[in-house]
Structures are given as C-alpha cells and as structure tokens.
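In case you want the letters, here they are:
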Amino acid sequence: MTGIPLWAQLINLLAALLLLLAFAMLAQRRVLTLINLFAAQGFALACSTAIVAWATDQAHLYGSAALTLILKVALLPWLLHRLVRKLDVRWDVEGLLNIPTTMLVGIVLVVFAFNLAAPIEQLASTITRSTLGIAMASVMLAFLMMITRRKAIPQVIGFLAMENGLFFAATSATYGMPMVVELGIALDILVAMLILGVFFFQIREQFDSLDLKHLEKLKEGE
Amino acid sequence: MTVSGFISQILQLAIALLLAPLLLGWVNQCRAWLQNKSAPSLLLPYRTIRKLFNKDAVVAENASPVFRIMPYVVFSAMALAAAIVPSLATDLPFGRAADAIALVGLFALARVFIALAAMDLGTAFGSMGARREMFIGFLAEPALLMVLFTASLISGSTLLPTIVETINQRDLAIYPSLAFAGVAFTMVSLAENARIPIDNPATHLELTMIHEAMILEYSARHLALIEWASALKLFNYSCIGLALFMPFGIAQGSADASAILGATPVLIVKLAVGGLALALIETLSAKMRIFRAPEFLGTAFLLAVLGMLVNLLLGS
C-alpha cells in the first residue's frame, strides 16, 4: 500500500463507499431513506470526480463534479422528495425477493463485475483504473435493484443509481467523457425524471397504487 | 517462556479482569446519560459481583454436572481469551499460542457450554434462549471469521500480534477494506455481546431475551462468574476490535511490566471512547425482532466479504 499517493487512497476509499451505498440502497426498505442514500451516493461521486480533477489537472472534470453535485445531490433528491410527499407514498418498499437473498445475489454480481473488469483494467492507462470493477459492480447492483423492486419510485431510483455507476466508470477508465456528452446525459436524466414524475401520477390515477404489476394486465376486470 | 514475559502476561490478564466490569459500568452509565436517566454508579458491576459471591448458591435438584461446571468453563475460556488478545502488548507468551481462528473457537466453546447448561434443566425459557443463542451464533461466526480474514490478508498472518505489528509499522494509509471490516465487526460484536439490535441487556424477564433467558436458573457465585465472564467477553471483543482497527499505543517489542503499565492508559482512553460509541449505538437503535436477526447478521457477513473482495481488487 505504501507508494500510492494520498489522493489515490482517497479515491479508493470513495469507491468503496460508493459500493457500500449501492448495497445499502439494495437493502433499504423505506423510500425516504432510499432517496437520502441516493443523494449520499451522488455526493461521494462528486467528491471522487473533484479529486480526480485535482490530481490530473483536468479542468472539465471540475465541471462534471459541479454538475453531479447540483443535479444528483440537490435537484433530483428534492424532486423525488416532493414526488413522495405529493403522492403520499411513504410505505415500506416491498421487494420480489427477500433482502438477504437479494444481498447474496448482489455479492455474486460483485464477484462477476470484478472479474469482468479485470481485463479492461489492463487496457486502461489511468491511475484510477482499479476502481473500474467497483463502478461495474455498482451499475449491476442498481440494475438488480430495478429488477427486484415492485413499486415505481424505487425503480426510478435504481435507474438513477445506475447512471451514477456509469458516470463513475467513465471517470475511472478514461477520466470522464467529453463535456457535451456529460451535459447531454445530465439533461436526459433530468427530463426522464420529470416525465417519470408525470407517469407516476397517471399510474396512480389509473390503478390507485404505484405497484407496477398492475401494468402487466392487458384487459381490465380480470 | 521467560520470567518477565510470564509476569507481563499475568499483569495483562489481571488488568483485563479488573477493567472488564468497569467497561460494562461505563457503557451502562453512558447509556443512562444519553437516555436522560439518572446514571448508576460506575462501580455497580463490581458491587453486583461481590454481592453475588457472598450469597449461598442454589442449584436445582435435577441439575447435571454440566450445569455446575458451566460458569467455570465459560469464565476460564473468557479469561484465556483475554490473555491471548493483544490488548496491551504484542510480545506476550500466550499471544503466539493461538491465532484469531482458535480465538473464535474459544468463544464458540463458551457458547456451546452456556447453551448446554441452559437446556440442562429442561425449563422452557432456558431451552428457548439456548436455541436462539445458537441461531445467532451460527450467523455471527462466519461474519467474524471473514472480518479476521480481511485483516489477515493485509498482514499475511492470522496471529493477532502479527496483525497489530504489521499495521503499526506501515505508513499511515487508508484501507477501504478495513472500513468495511470495521462496520461488519461492530455489527457482529453487538450480536455476540447480546447488545441492543439483537438482544436487550437491560431486561430480565421478557419473551424476547436471549442471554438472560439462558442464565435464569443461576444464582450466587455461579451467576457472579457468568456476569463477570460476559463483561470479559465485551472487553475481549472491544480489544480485538481495537487491535484490528486502532492498534496504536499497544506496546511492541519488549513487553516488560513497565511497557504494559505504559500502554494501560491508552487502552483505557480507547475503551472509554468505544464504550461511549456503543452506548450511542444502543440508544439510537431499537431492538429487532428475532426474525430480523438473519438480515442484520447477513449484512455483516456481506460487508466482511465485500471488504475481502475490495482488498483483492484494490490491493489495499
């Protein structure tokens, strides 16, 4: 461990924190805590991006760090909180699988992601490349969360968390994407969030619940 | 084994035996403060033990020898563990005698005896507590082993003194894997020491109790030894945690009596902070239903495994 500069250690720590938060979200039952965990993950992401920017002298990464901070720590959680308040959906989230099983599947996914990332790490030339496995793992964990949750809001949070993971992968493998791409993605996410917010209201109006299994029926009155 | 090493070993054991009830008293006091209650005396555990030693023991007619020898076995196991854990110095004769895995085995031995003795009389409470204890134990032990393996991956040895020395000799570095392992270890310690998310140490008659249910039939000197042993268990777990994650201030190299006495104030400060943290955790969380325990300990296991994986991935 000696010989690795402090900032790299900090990035490793934040990467580990990101993974931890991904698992915490996977295990979380309450919607409000889920949103706060998502904000915390965004914060860890913004910190690690800023550290990479400082260590490699890439000015545009400061921009993406700031973007992450504004969008994922402030704006999106605020929108989600408002949605939860308006829809009055503070119930416990119920999963398709029970929590311990989900966690065990999560561990398998992490092992898979780490192995998957190993050959790619050889190709990347960045100093942060060893965190690529963690980025892959958090993408997959977010995906798992989308699969195992039944209600609409946790699924959307899973979607947003997946974007967190992708963003982290981009930072660790290639020091971030070009600014235009990043701005595009940020805008996409924001618009997706707004549209999904409208969808939530429509779904609830139709079915009196946000349980997505109602959407699987083709005919009414079954 | 040299004479001075022997003296140091005895000294560490004596300090552990004396400090353990104090730690328990400190945790109880902190918890009372945090909950706005008037705090019991810091010395209350000592007084309880003395009071119990002065009473006449009552043993049920149909009790088998297992019931009688259990307090002595458990107390000796915990005292032996206190001698092995490098709480004050690394270079002690007993420290090299058993590694971390053997230590887990020692705790398991104590657990098995408590459970057997609880089932011995055939009372409903006793066997229920024994069942629950084994249930918690079988979930907690793998997690504890994984935590110890994570620490051994860093130092390349399962001997606790070697782990302490390796971490102390390196430059100060951030180990993400140790952070995972630390959280997992905290969760396991809470479960193993019958603390609040799993068991409530403040109750004596509740359907949900685990540890208290098993020792309900004991009195006088037997009970005193059990109480002392559970204080020692808390002390041991705290010292293992400190050795793995905060090994600063533990005497290294030559371990004569003066080095041991020099390391004692550091240990007391660390334990005081740890005890306060424990009281804080206990105040902030509510007791879980017993059926939620697998989830809690499953999470601990998962964190420990994650720590190992992160260690292998990042090499730190």
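Rules and cut-offs
- Counting of residues starts from 1 at the beginning of each chain's written sequence and follows it residue by residue.
- A letter from A marks each chain and a number from 1 marks each ligand, given out in the order of writing.
- Given that the model is predicted, a residue must reach a pLDDT of at least 70 before its local features are reported, and side-chain atom pairs must reach 80 or more before they are shown or counted; all residues, however, enter totals for whole chains, interfaces and linings.
- Counting from the N terminus, the helices are DSSP H or I runs at least four residues long and the strands are E runs at least two residues long.
- Here the globule rule is a power law, 2.2 Å times the number of residues to the power 0.38, and the radius of gyration is based on C-alpha atoms.
- With C-beta atoms placed from the backbone, a residue is buried if 20 or more other C-beta atoms are within 10 Å of its own, exposed if 12 or fewer are, and partly exposed between those counts.
- Note on geometry: axes are lines fitted to C-alpha atoms, helical ones only across the stretch in contact, with angles between N-to-C directions running from 0 to 180 degrees.
- Angles below 35 degrees are treated as roughly parallel, those above 145 as roughly antiparallel, those between 65 and 115 as roughly perpendicular, and all remaining angles as oblique.
- In this scheme the crossing of two helices becomes right-handed for a clockwise turn of the near helix relative to the far one and left-handed for an anticlockwise turn of less than a right angle.
- Note on contacts: each residue gets a C-beta atom placed from the backbone, and two residues are in contact if those atoms are within 7 Å.
- For this scheme, ten residues count as nonpolar: Ala, Val, Leu, Ile, Met, Phe, Trp, Tyr, Cys and Pro. Four count as charged, namely Asp, Glu, Lys and Arg, and the remainder, Gly too, count as polar.
- Each residue carries a pLDDT value, the predictor's own confidence for that position, ranging from 0 to 100.
- A helix's residues, less one, multiplied by 1.5 Å, set its expected span.
- Connectivity within a nonpolar core runs through C-beta atoms within 7 Å, and the core itself is a set of buried Ala, Val, Leu, Ile, Met, Phe, Trp, Tyr and Cys residues.

**Q** Teacher, can you tell me more about the overall build of chain B here?
**A** On a plain count of helices and strands, chain B comes out with eleven helices and zero strands. Reading the secondary structure of chain B in the N-to-C direction produces α-α-α-α-α-α-α-α-α-α-α. Since a compact globule built from 316 residues should have a radius of gyration of about 20 Å, the 19 Å found for chain B is in line with a globular shape. The principal-axis extents of the C-alpha atoms in chain B amount to approximately 60 × 45 × 40 Å.

**Q** Just checking my understanding: could you explain the overall build of chain A for this structure?
**A** Summing up its helical and strand segments, chain A has seven helices and zero strands in all. Listing every helix and strand of chain A by position from the N terminus yields α-α-α-α-α-α-α. Residues counted as buried form 41% of the 222 residues belonging to chain A.

**Q** Which parts of the structure should I look at to understand the packing of helix α1 (residues 3-34) of chain B against helix α10 (residues 257-284) of chain B?
**A** All names here are of chain B. One can describe the packing of α1 onto α10 by two numbers: an axis separation of 9 Å at closest approach and a directional angle of 25°. Between α1 and α10, the interaxial angle falls into the category roughly parallel. Here α1 and α10 pass one another in a crossing that is right-handed. Facing I7, S8, L11, Q12, I15, L23, W26, V27, C30, R31 and L34 of α1, the residues of α10 in contact are A257, I260, T264, L271, A272, G275, L276, L278, A279, L280, E282 and T283. When grouped by side-chain class, the residues that make up the contact of α1 with α10 number 16 nonpolar, five polar and two charged.

**Q** Before we go on, may I ask you to explain the confidence of the model for chain A in this structure?
**A** Any region with low pLDDT has predicted coordinates that should not be read closely. Mean pLDDT over chain A: 80, with 89% of residues reaching 70 or higher. Averaged pLDDT values for the elements of chain A fall to 77 in helix α7 (residues 179-207) of chain A and rise to 87 in helix α5 (residues 132-148) of chain A.

**Q** I would appreciate a short explanation of the interface of chain B and chain A in the present structure.
**A** How big an interface is tends to be reported as the loss of accessible area on association of its parts. Counting from both sides, the interface comprises 19 residues of chain B and, opposite them, 20 residues of chain A. Elements with a contribution of two residues or more to the side of chain B that touches chain A: α7 (176-192) and α11 (293-314) of chain B. Of the residues forming the side of chain B that touches chain A, the biggest block, eleven residues, is contributed by α11 of chain B. Residue classes in the side of chain B that touches chain A are distributed as 13 nonpolar, three polar and three charged.

**Q** Explanation requested: the environment of A263 of chain B in the structure shown.
**A** As for its position among the elements, A263 of chain B is in helix α10. With residues up to four places along the chain from it excluded, the contact list for A263 of chain B reads L88, A89, G249, I250 and A251 of chain B.

**Q** What exactly am I supposed to notice about the packing of α7 of chain B against helix α9 (residues 220-245) of chain B here?
**A** Angle between the axes and distance between the axes are the two parameters that describe a pair of packed helices. Residues and elements named next belong to chain B. It is at 11 Å that the axes of α7 and α9 come closest, and there the two elements cross at 180°. With respect to α9, the element α7 is oriented roughly antiparallel. Two secondary-structure elements touch here, α7 through L178, G182, F185, S189 and E192 and α9 through Y237, G241, L244 and F245.

**Q** Explain helix α2 (residues 31-56) of chain A here, please?
**A** Along an α-helix, a turn takes 3.6 residues, which lines up residues three or four apart on a common side. The terminal C-alpha atoms of α2 of chain A lie 37 Å apart, and with 26 residues this matches the ideal 38 Å at 1.5 Å per residue to within 8%. Note on α2 of chain A: the residue one or two positions beyond its end, D57 of chain A, has a positive phi of about 60°.

**Q** What should I look at first to understand the nonpolar core in this one?
**A** The nonpolar side chains of a soluble globular protein tend to be buried with one another. In this structure, L18 of chain A together with A143, V147, A184 and A304 of chain B are the most contacted members of the largest nonpolar core, which totals 167 residues. Counting residues per element, this core draws most heavily on α9 of chain B, at 16 residues. Not counting residues within four places of it along the chain, the set of residues in contact with A184 of chain B comprises A143, V147, A300, L303, A304 and G307 of chain B.

**Q** Hey, could you run me through the confidence of the model for chain B in this one?
**A** The predicted model of chain B averages 83 in pLDDT, with 96% of residues at 70 or higher. The ipTM for the predicted assembly is 0.70, set against a pTM of 0.81.

**Q** Can you help me understand unusual backbone geometry in this one?
**A** Residue and element names in this part refer to chain B. Unlike most non-glycine residues, N36 shows phi in positive territory, near 65°. Checked against the element boundaries, N36 lands in the loop between α1 and α2 (44-53). The exposed category is assigned to N36, around which 6 C-beta atoms lie within 10 Å. The phi torsion at A220 lies on the positive side, around 50°, for a residue other than glycine. Tracing the backbone through its elements, the reader meets A220 in helix α9.

**Q** How do you make sense of the environment of P40 of chain B when you look at a structure like this?
**A** Residue and element names in this part refer to chain B. With respect to the secondary-structure elements, P40 resides in the loop between α1 and α2. Judged by the 14 C-beta atoms lying within 10 Å of it, P40 is partly exposed. With twelve residues separating them along the chain, P40 and N28 place their C-alpha atoms 7.3 Å apart. Excluding anything up to four places from it in sequence, P40 contacts N28, Q29 and A32.

**Q** Please clarify how the environment of F199 of chain A should be interpreted in this entry.
**A** Within the secondary structure, F199 of chain A is located in helix α7. Note: C-alpha distance between F199 of chain A and T101 of chain A (98 residues apart in sequence) is 30 Å.

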